Amino acid sequence: MIQANVLNQILVSTLSPDNRLRKNAVDQLKRLTRQPGFATACLQVATHAGANVVLRKIACVQLKNVIGDGKGAFRWHHMDSKDKSQIRANILEVFMVQTDESMRDLFAECVLGIARDDFPQHWNCVPEIQKNLSCNDLNRVHNALLITRKIVKLYQFARRGETKERKCLHLLIAHTFPLVKKIFQSLINNNEPAAALMMKLCVKIYWSAMQLALQGPQATVQDVNDWMQLFDAVLKKPLNEKDMPKDHEDRPEWPWWKLKKWVLHLIHRFFSRYGIKGHIDDNNPQGKKLAVWWEQNYAQRFVQHAMNMLVVKTKGAYVTSRVLMMSFCIVNDAVELASTYKILKPHLNFLIFESILPNLAFNAKDRQLWVEDPHEYVRKSVDPIDDYVNPKTA
């Protein structure tokens, strides 16, 4: 078995300015990766409070690599059983206490690598996630939301029906979503950027769960109603321009704009996939019933929110490009339904001549780019990645 102090010394040597010593340490590290005790020693070094932070990160990278990422040879399969037992017993608690973003991301990948193979038969991490979602430590709550999102994301493209992946997703939904909704509700009136980041995680958790299909506990009117009330509250929340970053280039990354973008993104997906009765398969009567209910109770409300964003932009206030794009997408969805088209019809002059055409037109920013860098202007005009975030595309 490899001792943590031995591994620590090898990791120190990998940073040596002496080429020979460094090469020997790297070779030794490669030989040790498949030996029993290596993963446990990596975890001990990575979590040792007195260790150099650089060494801790290197140990965490080694742990992530030895667990594997599900691509190619999945090393977790071949790990020593004692190592696997030790890692499973400690990895979530180690992750939950992380405050450094880079360490948190590395440990999250470790958790995800284990969950790919062992959840839930060999490692049911749900009770520990529930415990952290319910605690009063905001850092633990944030980390619990982050890992919930990552594990739910594993199953976002799970096939419909009673597949193994769907059962795993339903297990997560049943035991974590009530707590996620409760956290979301508690943060609505909080104006701190940290609250927006946590609510964004809540939105992304629901996004991953409804990406391909609404089934089981998700397909009920009560559950959809709970989420829609939260999304409605987020879009109603006014944003004060004096609270935004002074530099306009930094504003799209401001947590509150990111949160609104994700809510509008989700509503667009929900509207186009689940909110139009004619788009639902005839073999899904529950889905058709839900679509009719959503049209009657929420469709017009969210179309109005999208229109309000367009009005705000037209009046000269700041709106991010992605929020503007998703607002246009929702307006586009609204044309499909008679009930929502009625909202748009009296405002077609505004939509076409004050919102759509000005956004399509060659503007001062385009002119500046054309003058300063015509090659970049042409590249952006044909870049499919830019199309994905450009309001003109919508």
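Residues numbered from 1 in each chain as written. Predicted model: local features only at pLDDT ≥ 70, side-chain atom pairs only at ≥ 80, totals over all residues. Heavy atoms only, no water.

## Things to note about the overall build of the protein
Part 1 of the argument: Looking only at helices and strands, the protein has 19 helices and zero strands in total.
Part 2 of the argument: Taken along its principal axes, the extent of the C-alpha atoms in the protein is 75 × 55 × 40 Å.
Part 3 of the argument: Across the 394 residues of the protein, 48% fall into the buried class.
Part 4 of the argument: Here the analysis covers contacts within the protein between residues at least 6 apart in sequence; of these, 70% occur between residues at least 24 apart.
Part 5 of the argument: Accessible surface, the protein as shown: approximately 20000 Å² in total, 52% of it carbon and sulfur.
Part 6 of the argument: Charge-centre separation for the protein: the mean point of 54 positive side chains lies 3 Å from the mean point of 39 negative side chains. (Helix = DSSP H or I, 4+ residues; strand = E, 2+ residues; numbered from the N terminus. Buried < 20%, exposed > 50% of the residue type's maximum accessible area, 1.4 Å probe, protein only. Contact = heavy atoms within 4.5 Å. Areas by Shrake-Rupley, 256 points an atom, 1.4 Å probe, with all protein chains shown as cover. Lys, Arg positive; Asp, Glu negative; His and termini not counted. Charge placed at Lys NZ, Arg CZ, Asp CG, Glu CD.)

## A look at the side chain of Lys-84
Part 1 of the argument: Its location among the elements puts Lys-84 in helix α5 (residues 81–96).
Part 2 of the argument: Put simply, Lys-84 is tucked away with no salt bridge, and the nearest opposite charge, on Asp-117, sits 4.9 Å away.
Part 3 of the argument: When near neighbours in sequence (up to four residues on either side) are disregarded, Lys-84 contacts Trp-76, His-77 and Met-79. (Salt bridge = Lys/Arg side-chain N within 4 Å of Asp/Glu carboxyl O.)

## Description of helix α11 (residues 221–236)
Part 1 of the argument: Over its 16 residues, α11 runs 22 Å from end to end, which matches the ideal 22 Å to within 8%, given 1.5 Å per residue.
Part 2 of the argument: Along α11, the residues classified as buried are Asp-223, Val-224, Asn-225, Trp-227, Met-228, Leu-230, Phe-231, Asp-232, Val-234 and Leu-235.
Part 3 of the argument: In the core, the buried residues of α11 are packed alongside α9 (164–187), α10 (193–210), α12 (255–274) and α13 (285–314). (Expected span 1.5 Å × (residues − 1).)

## Observations concerning the layout of surface pockets
Part 1 of the argument: The calculated volume of the largest pocket comes to roughly 1300 Å³.
Part 2 of the argument: Considering the residues around the largest pocket, the lining is formed by 32 residues, among which Ser-321, Lys-365, Lys-380, Asn-390 and Pro-391 are closest to the centre. (1 Å grid on protein atoms, 1.4 Å probe; cavity = no way out; pocket = protein on both sides within 12 Å on 5 of 7 lines; lining within 4 Å. Points joined across faces, edges and corners; volume = space filled by probe spheres on them.)

## Some words on the nonpolar core
Part 1 of the argument: One finds Leu-63, Phe-231 and Trp-294 to be the most contacted residues of the largest nonpolar core, which totals 124 residues.
Part 2 of the argument: Setting aside anything within four residues of it in sequence, one finds Trp-294 in contact with Val-224, Met-228, Ile-267, Phe-270, Phe-271, Gly-275, Ala-299 and Phe-302. (Core = buried A, V, L, I, M, F, W, Y, C linked by side-chain atoms within 4.5 Å.)

## Details of the packing of α10 against α12
Between two packed helices, the angle of one axis relative to the other and the distance separating the axes together describe the packing.
Part 1 of the argument: Put simply, α10 and α12 touch, their axes get as near as 8 Å, and they point 20 degrees apart. Relative to α12, the element α10 lies roughly parallel. The handedness of the crossing between α10 and α12 comes out as left-handed. Between α10 and α12, the residues in contact are Pro-193, Ala-196, Leu-197, Met-199, Lys-200, Val-203, Lys-204, Tyr-206, Trp-207 and Met-210 and Pro-255, Trp-256, Lys-258, Leu-259, Trp-262, Val-263, His-265, Leu-266, Arg-269, Phe-270 and Tyr-274, respectively.
Part 2 of the argument: Of the residues assigned to the contact of α10 with α12, the class counts are 16 nonpolar, one polar and four charged. (Axes fitted to C-alpha atoms, helices over the stretch in contact; angles between N-to-C directions. Parallel < 35°, antiparallel > 145°, perpendicular 65-115°, else oblique. Left-handed = near helix turned anticlockwise from the far one by under 90°. Nonpolar A, V, L, I, M, F, W, Y, C, P; charged D, E, K, R; others polar.)

## Describing the packing of helix α1 (residues 4–13) against helix α3 (residues 38–46)
Part 1 of the argument: Following both chains from N to C, one finds α1 and α3 inclined at 75 degrees, their axes separated by 9 Å at the closest point. As judged from the angle between their axes, α1 and α3 are roughly perpendicular. Between α1, through Ala-4, Leu-7, Asn-8 and Leu-11, and α3, the contact on the second element is made entirely by Phe-38, Ala-41, Cys-42, Gln-44 and Val-45.
Part 2 of the argument: Grouping the amino acids of the contact of α1 with α3 by side-chain chemistry returns seven nonpolar, two polar and no charged.

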